[in-house]
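# Structural overview
Spelled out from the first residue to the last, the chains are:
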Amino acid sequence: MTIELPGLFDLQLNGFGGIDFNGPDLTADRVEEALQRVRLTGVTRCLPTLITSSFEDFAASARVLSRVPSPAIAGIHMEGPYLSPEDGPRGAHPRAHVRAATVEDFRRRQDAADGRIVLVTLAPEVDGAIALVEHLVASGVRVALGHTAATPDQLAAAVAAGATLATHLGNGCAHMLPRHPNTIWELLAADAVVATFIVDGHHLPPATVKAMIRAKGIERSVLVTDAIAAAGCAPGTHTIGGVMAELSADGRVSLRGTPYLAGSALTLDRAIANTVRYTGLPLDDVIPMASTIPAACVGQTTRGMVHADWTPETAELTVLRVTD
Ligand SMILES: [Zn+2]
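Calculation notes
Residues numbered from 1 in each chain as written. Predicted model: local features only at pLDDT ≥ 70, side-chain atom pairs only at ≥ 80, totals over all residues. Heavy atoms only, no water. Helix = DSSP H or I, 4+ residues; strand = E, 2+ residues; numbered from the N terminus. Rg over C-alpha atoms; globule rule 2.2 N^0.38 Å. Buried < 20%, exposed > 50% of the residue type's maximum accessible area, 1.4 Å probe, protein only. Areas by Shrake-Rupley, 256 points an atom, 1.4 Å probe, with all protein chains shown as cover. Lys, Arg positive; Asp, Glu negative; His and termini not counted. Charge placed at Lys NZ, Arg CZ, Asp CG, Glu CD. Core = buried A, V, L, I, M, F, W, Y, C linked by side-chain atoms within 4.5 Å. 1 Å grid on protein atoms, 1.4 Å probe; cavity = no way out; pocket = protein on both sides within 12 Å on 5 of 7 lines; lining within 4 Å. Points joined across faces, edges and corners; volume = space filled by probe spheres on them. Nonpolar A, V, L, I, M, F, W, Y, C, P; charged D, E, K, R; others polar.

### Quick look at the overall build of the chain
Counting its regular elements, the chain contains 10 helices and 16 strands. Scaling as 2.2 N^0.38, a compact globule of 324 residues should have a C-alpha radius of gyration of about 20 Å, and the chain matches this with 18 Å. On the principal axes, the C-alpha backbone points of the chain span a range of 50 × 45 × 40 Å. The 324 residues of the chain split such that 56% are buried. Approximately 12,700 Å² of the chain is accessible, and the part contributed by carbon and sulfur atoms is 53%. If the 25 positive side-chain charges of the chain are averaged to one point and the 34 negative ones to another, these points end up 1 Å apart.

So, in structure tokens, the structure goes:
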């Protein structure tokens, strides 16, 4: 059956269709091309996401993104560099560029981005993080907690300082955790925190997605892709910044030569279908998690409409066309 849904809104998109927003060859035309291609998956607005890198590399990408006039760009998501330096929680972020949080460092990056950074993912245990959360929230920038090995007290301090999101909950944390307390339970229980999830079948097992979304509730759950340039491409090697990543035939993206995940090749329409399958929730409950709820998380609205074909028996969603 044909259905209509609001334009999808992705809070975390590192690249698409062979185009890497973190790459040295980024141009405004390449960004526009990636936005056109991601639009075919129903995404009409997104936050291009810049991961941990040197200031120079960050600034180069941020300058390009900030000059693209497309209304599809709802701002920039800065994921890092104020993240846990530990293997595990750090994920694919290069250790050499992970650093302490300072207002001064953020200001330089925000200046390079011409004020377009609207969301920052940071780890609250990093030196200076809580003071930076206060500064960001006071200046209207949203704060997400992620890539963290924080204690419950450190997480609570960040939430008290105004952090309102948890980035890809269940990923970007240690491989081995105490059964409780741990970062996952704390962020699941924090009522002021909306959690984002990568529902590609690789980052979180179906039962984990189901249990986490039930724990958070629909209104505090957001689907993101965390897609890298490999999304929309054939299996093979792709880059995210200076990091080499491998897309396998089953759709898993890993750091080349390791089992560690390095973003995804997920599209948001598929994330919706996967979430319906994994949780048993009706489609009408899942669509807001990829549209109106993420938009509201950064104080914005969705754009346009998606006309799609929905097959309830198999929970398959196919984007037919997108209108403004
Ligand atoms: Zn991440």
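### Notes on the nonpolar core
The biggest cluster of nonpolar side chains holds 98 residues, and the ones touching the most others in it are Leu11, Phe21, Val31, Phe106, Leu122 and Leu223. Considering every element that reaches this core, the biggest residue donor is helix α8 (residues 268-279), with six residues. If you look at the next biggest cluster of nonpolar residues, it comprises 12 residues, including Ala92, Ile240, Val253 and Ala265.

### As for the layout of surface pockets
Roughly 590 Å³ of internal volume is contained in the largest pocket. Lining the largest pocket we find 31 residues, and of these Gly88, Gly91, Asn171, Gly172 and Leu261 sit closest to its centre. Taken as a whole, the second largest pocket encloses approximately 300 Å³ of empty space. Every residue lining the second largest pocket is counted, 20 residues in all, and those nearest its centre are Asn22, Gly23, Ser53, Asp57 and Gly241. Take the lining of the second largest pocket: its biggest share by element is five residues, from helix α2 (residues 55-66). The residue makeup of the lining of the second largest pocket, split by class, is 10 nonpolar, nine polar and one charged.

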